[in-house]
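Fold and geometry: a report
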Amino acid sequence: MKTTERLLSAAKEIWDAYNKHPFVLGIQDGMLDREKFRYYIIQDYLYLEEYAKVFALGIAKAKSPETLNLFSKYVTLLTEGEMDIHRGYMGRFAVSRAELAATPRALDNLSYTSYMLRVAYEEGEAEILAAILSCAYSYEVVARKIVERNPAAIDHPFYGDWIRGYADPHYSEANVLLLDMTDQLTRHYTEPQLRHLTDIFTACSRYELAFWELAWNMRK
């Protein structure tokens, strides 16, 4: 079994819960309360600012040109792609820079990003990838499941941009690189190392579910 298959298997129930969550289902059917989505967009933008730093630490920890290039490419994808989707929505919601700067990270958001940054500071390339993967890949999985269950959702006048961004083939290509590199770096990992990697991935998967919860409940 590949390492990534092992990770995904360990967190399967958590990932299944993403696709059943009322926030995700609300995007799918286009009926999500837009105030909830506004809250989510702001919190997720604040999250992405810290998330990008995890990749930057991956650049510093890289032991080969391949991993250096991978982490570097993803920083570009975040700053020029994913964060642009959020900026577009913040424009629609008239979120000012002042409001964004004055908004604190919700407690679950702060805990999640702090955990990932601790992994990035203290551990190696593969462990950083395990922490990153639960966010990066799950958004693709969620978006593709939305399109599978409701093909018209991708053309929704409001939520369609979000769905298209994460169902986009370019986003998927970047995730393939993350998955492949994780498998490559852990080919010779011992069982204790793999268990530790699984713990990191599962913790971050749980944080992802908590993030959908904080968005749904607009929890501070």
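Each chain carries its own residue numbering, running from 1 in the direction its sequence is written. The predicted origin of the model limits local features to residues at a pLDDT of at least 70 and limits the giving and counting of side-chain atom pairs to 80 or more, whereas totals for whole chains, interfaces and linings rest on all residues. The basis for every side-chain value is the complete set of heavy atoms in the structure, and neither hydrogens nor water enter the calculation.

Looking at helix α9 (residues 160-167)
Most of α9 sits inside the fold, with 6 of its 8 residues counted as buried. Residues of α9 that are buried include every one of Gly160, Trp162, Ile163, Gly165, Tyr166 and Ala167, and no others. Between buried and exposed lies partly exposed: a residue is buried under 20% and exposed over 50% of the maximum accessible area for its type, with that area taken using a 1.4 Å probe on protein chains only. Each helix is a run of DSSP H or I of at least 4 residues and each strand a run of E of at least 2, with the numbering of both proceeding from the N terminus.

Regarding the pattern of salt bridges
One side-chain nitrogen of Lys or Arg within 4 Å of one carboxyl oxygen of Asp or Glu is enough to make a salt bridge. Here the structure, examined in full by the defined rule, presents 13 salt bridges. As a salt-bridge pair, Arg144 and Glu140 come within 3.1 Å of each other at their nearest N and O atoms. Taken together, the residues Arg144 and Glu140, both in helix α8 (residues 125-149) and 4 residues apart, mark about one turn of the helix. By relative accessible area, Arg144 is classed as partly exposed at 36%.

Here we look at helix α4 (residues 34-61)
Compared with the 40 Å implied by 1.5 Å per residue over 28 residues, the 40 Å span of α4 between its first and last C-alpha is a close match. Most of α4 is tucked away: 20 of the 28 residues are buried. Identification of polar contacts relies on pairs of N or O atoms within 3.5 Å, with a donor-acceptor requirement for protein atoms, meaning one able to donate a hydrogen and the other able to accept it, and with residues adjacent in sequence counted only if both atoms are side-chain atoms. Of the residues that open α4, the one with a side-chain oxygen 2.8 Å from the backbone nitrogen of Glu35 is Asp33. Take the residue count of a helix, subtract one, and multiply by 1.5 Å to get its expected span.

Structural notes on the state of the cysteines
Any two cysteine sulfur atoms within 2.5 Å of one another count as a disulfide. Under the definition given, this model contains 0 disulfides. Free of any disulfide, Cys135 has its nearest cysteine sulfur in Cys204, 9.2 Å distant.

Considering the environment of Met1
Checked against the element boundaries, Met1 lands in the segment before α1 (3-10). The exposure class of Met1 is exposed, given its relative accessible area of 78%.

Comments concerning the packing of helix α2 (residues 12-20) against α8
Only C-alpha atoms enter the line fits that serve as axes; for helices the fit covers just the stretch in contact. Angles between N-to-C directions range over 0 to 180 degrees. Where α2 meets α8, the axes come as close as 10 Å, and the angle between the chain directions of the two elements is 45 degrees. One finds that α2 runs oblique with respect to α8. The hand of the α2/α8 crossing is right-handed. Of the residues in α8, those in contact with Trp15, Tyr18 and Asn19 of α2 are Leu133, Ser134, Tyr137, Ser138, Val141, Val142, Lys145 and Arg149. Basically, the charged four are Asp, Glu, Lys and Arg, the nonpolar ten are Ala, Val, Leu, Ile, Met, Phe, Trp, Tyr, Cys and Pro, and anything else, Gly included, counts as polar. Here the residues of the contact of α2 with α8 are counted per class, giving 6 nonpolar, 3 polar and 2 charged. Under this scheme an angle from 65 to 115 degrees is roughly perpendicular, one under 35 degrees roughly parallel, and one over 145 degrees roughly antiparallel; angles in between are oblique. Two helices cross in a left-handed way if the nearer one is turned anticlockwise from the farther one by less than a right angle. They cross in a right-handed way if the turn is clockwise. Throughout, a residue-residue contact means that at least one pair of heavy atoms, one from each residue, lies within 4.5 Å.

Re the nonpolar core
For our purposes a nonpolar core is just a set of buried Ala, Val, Leu, Ile, Met, Phe, Trp, Tyr and Cys residues, chained together by side-chain atoms within 4.5 Å. Ile27, Phe37, Tyr40, Tyr51, Ile132, Trp162 and Leu178 are the most contacted members of the largest nonpolar core, which has 75 residues in total. If we skip the residues at most four places from it in the chain, Ile132 touches Tyr51, Val54, Phe55, Phe71 and Leu178.

A word on the environment of Ala11
By the element assignment, Ala11 lies in the loop between α1 and α2. Look at Ala11 and you get buried, because its relative accessible area is 0%. As a C-alpha pair, Ala11 and Phe201 span 190 residues in sequence and 7.8 Å in three-dimensional space. Apart from residues no more than four positions distant in its own chain, Ala11 is found in contact with Phe201 and Ser205.

Structural notes on the side chain of Ser172
Checked against the element boundaries, Ser172 lands in helix α10 (residues 169-185). Once residues within four sequence positions are removed from consideration, Ser172 is found in contact with Glu140 and Arg144.

Focus: the packing of aromatic side chains
By convention, a stacked pair of Phe, Tyr or Trp rings (six-membered ring in the case of Trp) has centres within 6.5 Å and planes under 30 degrees apart, an edge-to-face pair has planes over 60 apart, and any other such pair is tilted. According to the stated counting rule, one finds 31 aromatic pairs in the structure shown. When the ring of Phe37 is compared with that of Tyr40, the centres are 5.5 Å apart and the planes differ by 40 degrees; the resulting orientation is tilted. A residue pair is termed a helical-turn pair when its members lie 3 or 4 positions apart in one helix, as Phe37 and Tyr40 do in helix α4 at 3 residues. Using a relative accessible area of 0% as the deciding quantity, one classes Phe37 as buried.

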